[in-house]
Amino acid sequence: MTKQDNRSVYKQDEHPVFESLAMNRPSRLASPIVELRQYTLKPGQRETLIALFDREFIESQEAVGMTVIGQFRDLDRPDMFVWLRGFADMEARRKALTAFYDGPVWAEHRNAANATMIDSDDVLLLKPAWPDAGFDLSGPKRRTASQAENGSREPHLDGIVEISIHHLRHGMETGFAERFRAKMVPQLTANGARLLGAFVSEHAENTFSRLPVRAGENVFIVVVGFGDAHANYRNDLGASPAWQAVRQTMQAASTKPAEMLRLTPTARSLLR
């Protein structure tokens, strides 16, 4: 197949090849292996990268066996692009990344993508914190490229996704996850949030060494979604005695304050 043929297939969101791939892809009810990727971009280049990513790097990655879970603008850092992708297991990750980064789409567009970036090595390798804590992607339907192009050119504010990164002492992750699930998830939902996923560090060897990950990190990550409730969410939680009590007991497991990412999805993000 020629390069022109490849490009035409990847841009056809409803092409039969993708329908066949979707039927044979593992269940999207969970993400056994997830990468959380934070890219520091050159000033003013975020919209350039988002346009390129949403047009060229979604179907082309999913065609080789990975799931592009979500891609986001960081509300507090204008030059940060944050995204998530998932794999069935570490061997599937190796095969999918090899196929994509040795493939024609990346070869054609890597220079343009890399030209927007200062750093792309801030990557955490993760796995679900408990059996059903992975992302449930069975319901959302991604906008096609044509739908996104025909929509508003303003940043798409379809809710807010908040990712909190808790840095834990080694050996504390299981107890931390159990306490969070039992005590903090009810507090989140009571204050208008929706738990989208919870993850801990995957300590398996990086099976694709061309892309580094933050080895040695020990984190617990919570991904929460909001509609219109986000404006009052933090104030309401802060006023909750139960929330404060749980936070104090959990701080002993942490090595430093949690990081908080406030994100808005791009027009073609599956997670929103």
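Residues numbered from 1 in each chain as written. Predicted model: local features only at pLDDT ≥ 70, side-chain atom pairs only at ≥ 80, totals over all residues. Heavy atoms only, no water.

## Considering the sheet that holds strand β6 (residues 194–201)
Part 1 of the argument: An order of β1-β3-β2-β8-β5-β7-β6-β4 is seen for the eight strands of this closed barrel, with the pairing classed as antiparallel. Along the sheet, successive strands turn relative to each other by an average axial angle of 35°, direction set aside.
Part 2 of the argument: Each of β1 (33–41), β3 (80–87) and β4 (117–128) touches helix α5 (residues 90–101); the most contacted strand, β3, lies at about 125° to it.
Part 3 of the argument: Lying on the sheet, helix α8 (residues 173–190) is in contact with β5 (160–167), β6 and β7 (219–226); it crosses β7 at an angle near 15°. (Pairing = 2+ DSSP bridges. Helix = DSSP H or I, 4+ residues; strand = E, 2+ residues; numbered from the N terminus. Axes fitted to C-alpha atoms, helices over the stretch in contact; angles between N-to-C directions. Contact = heavy atoms within 4.5 Å.)

## Let's talk about the pairing of β7
Part 1 of the argument: Among the eight residues in β7, eight count as buried, and that is most of the element.
Part 2 of the argument: In this structure, β5 lies alongside β7, joined through eight bridges in antiparallel fashion. Bridged to Glu162 within β7 is Val224.
Part 3 of the argument: Where β6 meets β7, six bridges bridge the pair, whose relative direction is antiparallel. Of the residues in β7, the one forming a bridge with Ala198 is Val222. (Buried < 20%, exposed > 50% of the residue type's maximum accessible area, 1.4 Å probe, protein only.)

## Concerning helix α3 (residues 46–56)
Part 1 of the argument: Those residues of α3 not exposed but buried are Arg46, Leu49, Ile50, Leu52, Phe53, Asp54 and Glu56.
Part 2 of the argument: Tucked into the core, α3 has its buried residues touching β1, α4 (59–62), β2 (67–74), β3, α6 (104–114) and β4.

Without other data, these values stay purely geometric and don't point to any function.
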